[in-house]
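Spelled out, the chains give:
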Amino acid sequence: MQRSYLLRVNDSFSFADKVSIYCLHFFTHILTLLKPTGTAHRRPSRHGRHVNILPTLSSPQISSKGRMEWEVCPDSVLVIRKLHYDTVGPFVELAEWLLKEKNMFVFVEEKTLTDDDISSSEHSEKFEEIKSELKVFQGMTGFEKISEKIDFVVCLGGDGTLLYASSLFPSCIPPVMSFNLGSLGFLTPFDFTEFKEHIEDVIQGNMKVLLRSRLHAELITPGSDTPDVSNTALNEIVVDRGSHHYLSNLELYVNDNLVTQVQADGIIIATPTGSTAYSLSAGAGMVHPAVPAILITPICPHSLSFRPIVVPSTSVIKIKVVPEARKHAVVSFDGRLGPELQKSQDLIIKASEHSLPTVSRMDHDWFNTLQDLLAWNTRVKQKALTNNNKPPTKL
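What you see is a predicted model, and the numbers here were worked out from it, not measured in a lab.

Another aspect to go through is the overall build of the protein. Within the protein one finds nine helices and 21 strands. By the burial criterion, 50% of the 395 residues in the protein qualify as buried. In the form shown here, the protein has an accessible surface area of approximately 19,700 Å², with 51% of it arising from carbon and sulfur atoms.

Next up, the structure:
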C-alpha cells in the first residue's frame, strides 16, 4: 500500500519556513525514486522517506527552530570535507564507519576521491579499501536534474565548509551536520571525537534543527526576461569597488523606495547568520539566527551618519550603480567572487524560499557560541563592596 507523505507543519512556522520544509520533503521523496540500481542495493526498496521538522516543545513560538523526525531511517549521506591533511583521518574513519557499521550509502565529491592529501597520507591504504564503495555526488541544479539521493549532509571542516555545502544546493537542501575541524567553528558545533554518538542522534531524530535563512540574488538587465546571474548566499552578498581605487557609488532601494545613495567601499546585505561574519567586522550588530530579518551594512562609508540598518525578511532590496559613478561595482556571494554590476543592470536581493536546515546540539545555543568563540562581553568582574570599601554617604 502506498505510504502517505503528509507533512505535519505547525501554524507557528512562517510562510518561508513552511515552503522550505515542504520543499525538503519533496526533495527526499523525489530522490528516492531515483535510487541507483544494481549490486549497490543492500536494503529492500522503500516507498519513500522524508524528515519532519517540528517546533520544539520548549520554544514553539520560534518558527525557525524545531526537532527532527524521520519517517523512515535514513540510509544515504553526503560527506563534504575541507581538502586539507587535517581532515583526511577523520574522513576515512567516518566513511568506513558509515559503510561498514551503519550500512549506509556514502556520497562524496569527485575531487575527494582524487585529492593528493589522501594519497600521500598514512590513511591511504585504508582509504583504498573503501574507495570502490563510495559514490560520486554529481550535484543538482533543480528537480529535473537530480541524479542522486541524499538524506543528510555531514561537513568536515570549518565555517567555510558549511558555506560551500550551502552553495551546492541553491534550492532545497537536506539537513546539514557540521563537525569542527577548522579554525573558529562558529557554525560547526560538533566535536569529531564523539562523531558516532552525534550521528546516531541524527539518525534517531534526537537533534534540534535550525532553519537558517539564505539570500537569493538576481542580476537583471531591465527589459530582459531572464536574469543574467542568479545565486544564493548563507552569510552575505557584498557589492563593493573591487580592485578599483574609486569609491563605490550605489543607489539602495528597499521595496522600490530609494533609501539612500551609498558612497563607500561597498555595502553588505547579510542574513542573521551572517551578522556575526563580515557584517560584524564592518560595525553592525549581531542578530539571532531565528530572527526573520535582513541586515544592510555599509563598508567604510564616507559619512559620519551612515549606520547599519535592519529590515524585515520580506523586503526586496535593489542595488544600482549610479550613472555618474566612475566605475562599475563587483558582487560576491559568501566570499566567492561573482560578476560585475554594470550601470545598465539591477541587483535584486531577497530572502530565499529555501532555508538551510542545520543540525544543532541540544545543550548549546547561540549565546553560548558568542561567549565561547567571540568572547562576547568578557571582562574582569567588578569587585564586591567590603566593610573597608563602603559607598560614600550623602552630604
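Do not read the predicted coordinates in detail wherever pLDDT is low. On average, the protein scores 82 in pLDDT, and the residues at 70 or more come to 78%. Highest mean pLDDT in the protein belongs to strand S14 (residues 266-270) (98); lowest belongs to helix H1 (residues 15-33) (51). Overall, residues 56-63 carries pLDDT values under 50, and its contacts beyond four positions in sequence, including any with other chains, amount to twelve contacts. Within the model, pLDDT remains below 50 along residues 141-147, and this stretch shows eleven contacts once partners closer than five positions in the same chain are excluded.

The next subject is the pairing of strand S4 (residues 105-108). Burial of the side chains of S4 extends over both faces: Phe-105 and Phe-107 are buried on one face and Val-106 and Val-108 on the other. By the bridge criterion, three bridges tie strand S3 (residues 76-81) to S4 in an arrangement that is parallel. Opposite Leu-78, over in S4, you have Phe-107 as the bridge partner.

This part is about the sheet that holds strand S19 (residues 336-341). Strands sit in the order S16-S15-S14-S11-S18-S19 across an open sheet of six strands; the sheet is antiparallel. Because the sheet does not close on itself, it has two edges, and the strands there are strand S16 (309-312) and S19. Each adjacent strand pair in this sheet contributes to an overall mean axis angle of 20°, direction not counted.

There is a patch of nonpolar side chains on the surface, built from Leu-184, Phe-367, Leu-373, Leu-374 and Trp-376 and spanning about 420 Å² of accessible area. Tracing the sequence through the fold places Phe-367 in helix H9 (residues 366-373).

In space, the six strands of this open sheet follow the order S10-S9-S20-S17-S12-S13, with antiparallel pairing throughout. At either end of the open sheet lies a strand with only one pairing partner, and these are strand S10 (229-233) and strand S13 (257-264). Sheet twist, expressed as the average angle between the axes of neighbouring strands with direction ignored, equals 20°. Across four bridges, strand S17 (residues 317-321) lies against strand S20 (residues 346-351) in antiparallel orientation.

In this section: the packing of aromatic side chains. Across all of its chains, the model carries eight aromatic pairs by this definition. Taking the centre distance of 4.6 Å and the plane angle of 10° together, the rings of Phe-192 and Phe-195 count as stacked. Note on accessibility: Phe-192 and Phe-195 belong to one class, buried. Through a chain of ring-to-ring contacts, three or more aromatic side chains come together here, namely Trp-97, Phe-179, Phe-190, Phe-192 and Phe-195. Against the face of Phe-91 rests Arg-81, its NZ or CZ located 5.8 Å from the ring centre. Sitting above the plane of the Tyr-253 ring, Lys-318 keeps its charged end 4.7 Å from the centroid.

As paired elements, strand S18 (residues 329-333) and S19 share four bridges and run antiparallel to each other. By the bridge assignment, Val-330 is partnered in S19 with Glu-340. Counting the residues in the hairpin turn of S18 and S19 gives two residues, including Asp-334, whose phi is positive at 50°.

Another aspect to go through is the packing of helix H2 (residues 88-101) against helix H5 (residues 124-131). Interaxial distance between H2 and H5 falls to 10 Å at its minimum, and their mutual angle equals 35°. When the axes of H2 and H5 are compared, the crossing they make is left-handed. Mapping the contact onto sequence places Phe-91, Val-92, Ala-95, Glu-96, Leu-99 and Lys-100 in H2 and Lys-126, Phe-127, Glu-129 and Ile-130 in H5.

This part takes up the nonpolar core. Among the nonpolar cores identified, the biggest contains 34 residues, and Val-79, Phe-91, Leu-94, Leu-98, Leu-134, Phe-179 and Ile-199 are the most heavily contacted of them. Taken together, the elements giving at least two residues each to this core come down to strand S2 (65-70), S3, H2, S4, H5, strand S6 (152-157), strand S7 (176-180) and helix H7 (195-204). With residues near it in sequence (within four places) discarded, Leu-98 still touches Val-77, Val-79, Asn-103, Met-104, Val-106 and Ile-199. Ranked by size, the runner-up nonpolar core spans 28 residues in total, among them Ala-217, Leu-219, Val-239 and Leu-347.

This part is about the side chain of Ser-178. By the element assignment, Ser-178 lies in strand S7. According to the relative accessible area criterion, Ser-178 is buried, its value standing at 3%. Contact partners of Ser-178, with chain neighbours within four places excluded, come to Cys-155, Leu-162, Leu-187, Thr-188, Pro-189 and Phe-190.

Definitions and cut-offs
Residues numbered from 1 in each chain as written. Predicted model: local features only at pLDDT ≥ 70, side-chain atom pairs only at ≥ 80, totals over all residues. Heavy atoms only, no water. Helix = DSSP H or I, 4+ residues; strand = E, 2+ residues; numbered from the N terminus. Buried < 20%, exposed > 50% of the residue type's maximum accessible area, 1.4 Å probe, protein only. Areas by Shrake-Rupley, 256 points an atom, 1.4 Å probe, with all protein chains shown as cover. pLDDT = per-residue confidence, 0-100. Contact = heavy atoms within 4.5 Å. Pairing = 2+ DSSP bridges. Axes fitted to C-alpha atoms, helices over the stretch in contact; angles between N-to-C directions. Patch = residues over 30% accessible without salt bridge, like charges linked within 9 Å, V, L, I, M, F, W, Y side chains within 5 Å. Salt bridge = Lys/Arg side-chain N within 4 Å of Asp/Glu carboxyl O. Phe/Tyr/Trp six-rings, centres within 6.5 Å; stacked < 30°, edge-to-face > 60°. Lys NZ or Arg CZ within 6 Å of the ring centre and 35° of its normal. Left-handed = near helix turned anticlockwise from the far one by under 90°. Core = buried A, V, L, I, M, F, W, Y, C linked by side-chain atoms within 4.5 Å.

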